[in-house]
Amino acid sequence: MFKKILLPIDPAETSFADDALAKAAQFAKDYGAKVHLLAVCPEVQSFVASQLPEDFQAKEVSETQAILDGIVGKLDLPKEDVTSEIRVGTVYHEVIEAANDSGSDLVLLHSHKPGFATYFIGSNAAHIVRHAPCSVMVLRD
């Protein structure tokens, strides 16, 4: 059914993705799928970057890679079946691009229940559901 599962991870709230990680591992075992973890670091605007240390973004990416490596190590899957990637930009845009680039046939993500602001502004999950090039499964709290 699924051959490549893209699983976006928020490095600031890794425990929030525990259910999605378990579901991805289950799908990987059931369908022989590969799992591709994705973390997106926000791009720092130039006016903010000028006030931060010069290597801030590189350090953030390095720390995020260590977080992803830890998650990969905890998954009960063969290491060759799990890959990870870090992108810099807007979450929903980078998830959609990663789904395209990786050839994923499922984006599996966890989302907060929608609040009042979400109805007017929209959430990352809503953008991904509307624009993803493949199936999207959203797990709720």
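Right above here is the structure, for reference.
Residue numbers run consecutively from 1 along every chain, following the written order of its sequence. This being a predicted model, a pLDDT of at least 70 is required before a residue's local features are given, and a value of 80 or more before pairs of side-chain atoms are given or counted; all residues contribute to the totals for chains, interfaces and linings. Just so you know, side-chain values use all the structure's heavy atoms and leave hydrogens and water out.

A. Region of interest: the pairing of strand β4 (residues 106-111). Across the 6 residues that make up β4, a large majority, 6, are buried. Buried residues are those whose accessible area, probed at 1.4 Å on protein chains only, stays under 20% of the maximum for their type, while exposed residues exceed 50% and partly exposed ones sit between those limits. Only DSSP runs of H or I covering at least 4 residues are called helices, and only runs of E covering at least 2 are called strands; the numbering of each starts at the N terminus. Burial along β4 is two-sided: L106, L108 and H110 and V107, L109 and S111, pointing in opposite directions, are all buried. Paired strands, in this sense, are two strands between which DSSP finds at least two bridges. Relative to β4, strand β1 (residues 4-9) runs parallel, the two sharing 2 bridges. Looking across to β4, one finds that I5 is bridged to L106.

B. Main features of the packing of helix α4 (residues 91-102) against helix α6 (residues 124-131). Two numbers describe how α4 lies on α6: the axes approach to 9 Å, and their chain directions differ by 35°. As α4 packs across α6, the resulting crossing turns out to be right-handed. Here V91, Y92, V95 and I96 of α4 lie close against α6, whose contacting residues are N124, H127, I128 and H131. For this scheme, ten residues count as nonpolar: Ala, Val, Leu, Ile, Met, Phe, Trp, Tyr, Cys and Pro. Four count as charged, namely Asp, Glu, Lys and Arg, and the remainder, Gly too, count as polar. Of the residues belonging to the contact of α4 with α6, the class tally is 5 nonpolar, 3 polar and no charged. Throughout, an axis means a line fitted to C-alpha atoms (over the contacting stretch in the case of helices), and angles, computed between N-to-C directions, take values from 0 to 180 degrees. Should the near helix be turned anticlockwise from the far one by less than a right angle, the crossing is termed left-handed; should it be turned clockwise, right-handed. Contacts are residue-level and defined by heavy atoms, with any inter-residue pair within 4.5 Å sufficient.

C. Looking closely at the pattern of salt bridges. Just to be clear on terms, a salt bridge is a Lys or Arg side-chain nitrogen sitting within 4 Å of an Asp or Glu carboxyl oxygen. Summed over all chains, the structure comprises 5 salt bridges. Here R87 ties to E85 by a salt bridge, and the two come within 2.7 Å at their closest N and O atoms. On the basis of relative accessibility, which here comes to 14%, the residue R87 falls in the buried class. E94 serves as the salt-bridge partner of R87, at 3.4 Å between the closest nitrogen and oxygen. Neither R87 nor E94 differs from the other in exposure class; each is buried. Each of the salt bridges in this network shares a partner with another, and the network as a whole consists of E85, R87, E94 and D101.

D. The arrangement of the packing of aromatic side chains in detail. Aromatic rings from Phe, Tyr and Trp, with only the six-membered ring used for Trp, were paired whenever their centres fell within 6.5 Å, and each pair was classed as stacked if the ring planes differed by under 30 degrees, edge-to-face if by over 60, and tilted otherwise. Evaluated as defined, the whole model comprises 3 aromatic pairs. An angle of 45° between the planes, with centres 5.5 Å apart, marks the rings of F2 and F27 as tilted. Linking F2 in the segment before β1 with F27 in helix α1 (residues 18-31), this pair joins segments that are 25 residues apart in sequence. Taken individually, F2 and F27 each receive the classification buried, so the pair is uniform in this respect. Judged by centre distance (5.8 Å) and plane angle (45°), the rings of F27 and Y31 are tilted. Of this pair, F27 and Y31 both sit in helix α1, 4 residues apart, which is roughly one turn of that helix.

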